[in-house]
Amino acid sequence: MKRTLLTGLLLSAMTLSSASFAADKGLIVIITPSHDNPFFKAEADGASQKAKALGYTTLVASHDDDVSKQNQLIETAIGRKAKAIVLDNAGADATVGPVQKAKDAGIPTFLIDREINKSGVAVAQIVSNNYQGAQLGAEKFAKLLNGKGEYVELLGKESDTNAGVRSQGYHDILDDYPDMKMVAQQSANWSQTEAFSRMETILQKNPNIVGVISGNDTMALGAEAALKAAGKTHVVVVGFDGSDYVRDSIINKGNIKATVLQPGWAQAQMAVEQADYYLTNGKAQKEEKQLMDCVLIDDANASKLKTFNLSN
């Protein structure tokens, strides 16, 4: 029943898209995690904008980090004979099979933001250099804390490769500071609500923390809200993503002092451009694994940040 309803909704969306863009080069299906997170909404918007500019119709959907829902959406793409899929996936292992199925059906997949644990299945895996970005964030975090004090780390979703890579990048810097001590490390699953709850609990046991380093901006915002509620306006928070909400906190002198911009908008548009090249030329434009460097955002450049893009 749920599958029938989902498919019906997708077919309805497809009908509307086709009506608006009657003369087109075919359908590109764009699938990301929930648009409640502005990073994923920016990905979807960036990919859709580029696809329409290149003459494709688009079907935009969210899997909400639910593997079953992702699989249904990929099945729908196959059923609609999509030309290509742009995907920010729901699991590094669980996504391999569905992407292979799309490939077997003649539909190439272009991954953004999150890798899968197999090469040769997707045409492209375009991701931020999470390790390099995490090191930038950790260096800034250590500087903001003057290299000392108790701190907390909020981890992302354990099934997401990015969570582990970012944490490793953080610790390869922070573990070299003998006067910095991590007193708590917990996953908040990329969620603002969970981060708020985790921070409330952590603060009860660790009232003397001076910093929080977060695996993404959404969790950083949750941590900031909990810190403000507890009157801890001096505790420094550093995030990762480069959202406009965190930009505003930096500019307005909130707890969040820095973040790391991963170019989600540019990645999504690049994926569509490479899909168009592949469909036009019958071969990949670039090698499969592609890394895009991240940029530190702090009070020096935050005003230039908008929708995960940094202006000159």
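See above for the structure.
Criteria and thresholds
Residues numbered from 1 in each chain as written. Predicted model: local features only at pLDDT ≥ 70, side-chain atom pairs only at ≥ 80, totals over all residues. Heavy atoms only, no water. Phe/Tyr/Trp six-rings, centres within 6.5 Å; stacked < 30°, edge-to-face > 60°. Buried < 20%, exposed > 50% of the residue type's maximum accessible area, 1.4 Å probe, protein only. Helix = DSSP H or I, 4+ residues; strand = E, 2+ residues; numbered from the N terminus. 1 Å grid on protein atoms, 1.4 Å probe; cavity = no way out; pocket = protein on both sides within 12 Å on 5 of 7 lines; lining within 4 Å. Points joined across faces, edges and corners; volume = space filled by probe spheres on them. Nonpolar A, V, L, I, M, F, W, Y, C, P; charged D, E, K, R; others polar. Pairing = 2+ DSSP bridges. Axes fitted to C-alpha atoms, helices over the stretch in contact; angles between N-to-C directions.

1. Comments concerning the packing of aromatic side chains
Point 1. Applying the stated rule across the entire model yields four aromatic pairs.
Point 2. Ring centres of Phe-39 and Phe-40 lie 5.6 Å apart, and the angle between their planes is 75°; this geometry places the pair in the edge-to-face category. Note on accessibility: Phe-39 and Phe-40 belong to one class, buried.
Point 3. Taking 6.1 Å as the distance between ring centres and 75° as the angle between the ring planes, the aromatic pair formed by Phe-110 and Tyr-278 counts as edge-to-face. Residue Phe-110 is found in strand E4 (residues 109-112), and its partner Tyr-278 is found in helix H10 (residues 264-281); the two are separated by 168 residues along the sequence.
Point 4. Taken together, the aromatic side chains of Phe-39, Phe-40 and Phe-308 make up a single cluster linked through ring pairs.

2. So, empty space enclosed by the protein
Point 1. Counted by the stated rule, this structure contains four cavities of 30 Å³ or more.
Point 2. There is about 90 Å³ of room inside the largest cavity.
Point 3. Residue lining of the largest cavity: Asn-37, Phe-39, Phe-40, Asp-113, Arg-114, Asp-160, Asn-162, Arg-166, Trp-190, Asn-216, Asp-241 and Gln-262, and that is the complete set.
Point 4. Secondary structure elements with two or more residues in the lining of the largest cavity: helix H2 (38-53) and helix H6 (161-174).
Point 5. Residue composition of the lining of the largest cavity, grouped by class: three nonpolar, four polar and five charged.
Point 6. There is about 50 Å³ of room inside the second largest cavity.
Point 7. Around the second largest cavity, the lining residues are Asp-65, Asn-89, Ala-90, Gly-91, Ala-92, Arg-114, Glu-115, Lys-157, Ser-159, Asp-160 and Thr-161.
Point 8. Tallied by class, residues from the lining of the second largest cavity come to two nonpolar, four polar and five charged.

3. Remarks on unusual backbone geometry
Leaving glycine aside, a negative phi is the common case for residues, and trans is the common case for peptide bonds.
Point 1. Positive phi is not limited to glycine here, since Asp-241 has a value of about 150°.
Point 2. Tracing the chain through its elements places Asp-241 in the loop between strand E9 (236-238) and helix H9 (244-251).
Point 3. Taking the relative accessible area as the measure of exposure, Asp-241 reaches 5% and is therefore buried.
Point 4. Residue Phe-308 is not a glycine yet carries a positive backbone phi of 60°.
Point 5. Within the fold, Phe-308 resides in the loop between strand E13 (305-306) and strand E14 (309-310).

4. A few points about the sheet that holds strand E6 (residues 149-155)
Point 1. An order of E7-E6-E8-E9-E10-E12 is seen for the six strands of this open sheet, with the pairing classed as mixed. The two strands at the open ends of the sheet, each matched to only one other strand, are strand E7 (180-187) and strand E12 (295-297). Neighbour-to-neighbour, the strand axes of the sheet open up by a mean angle of 15°, direction not taken into account.

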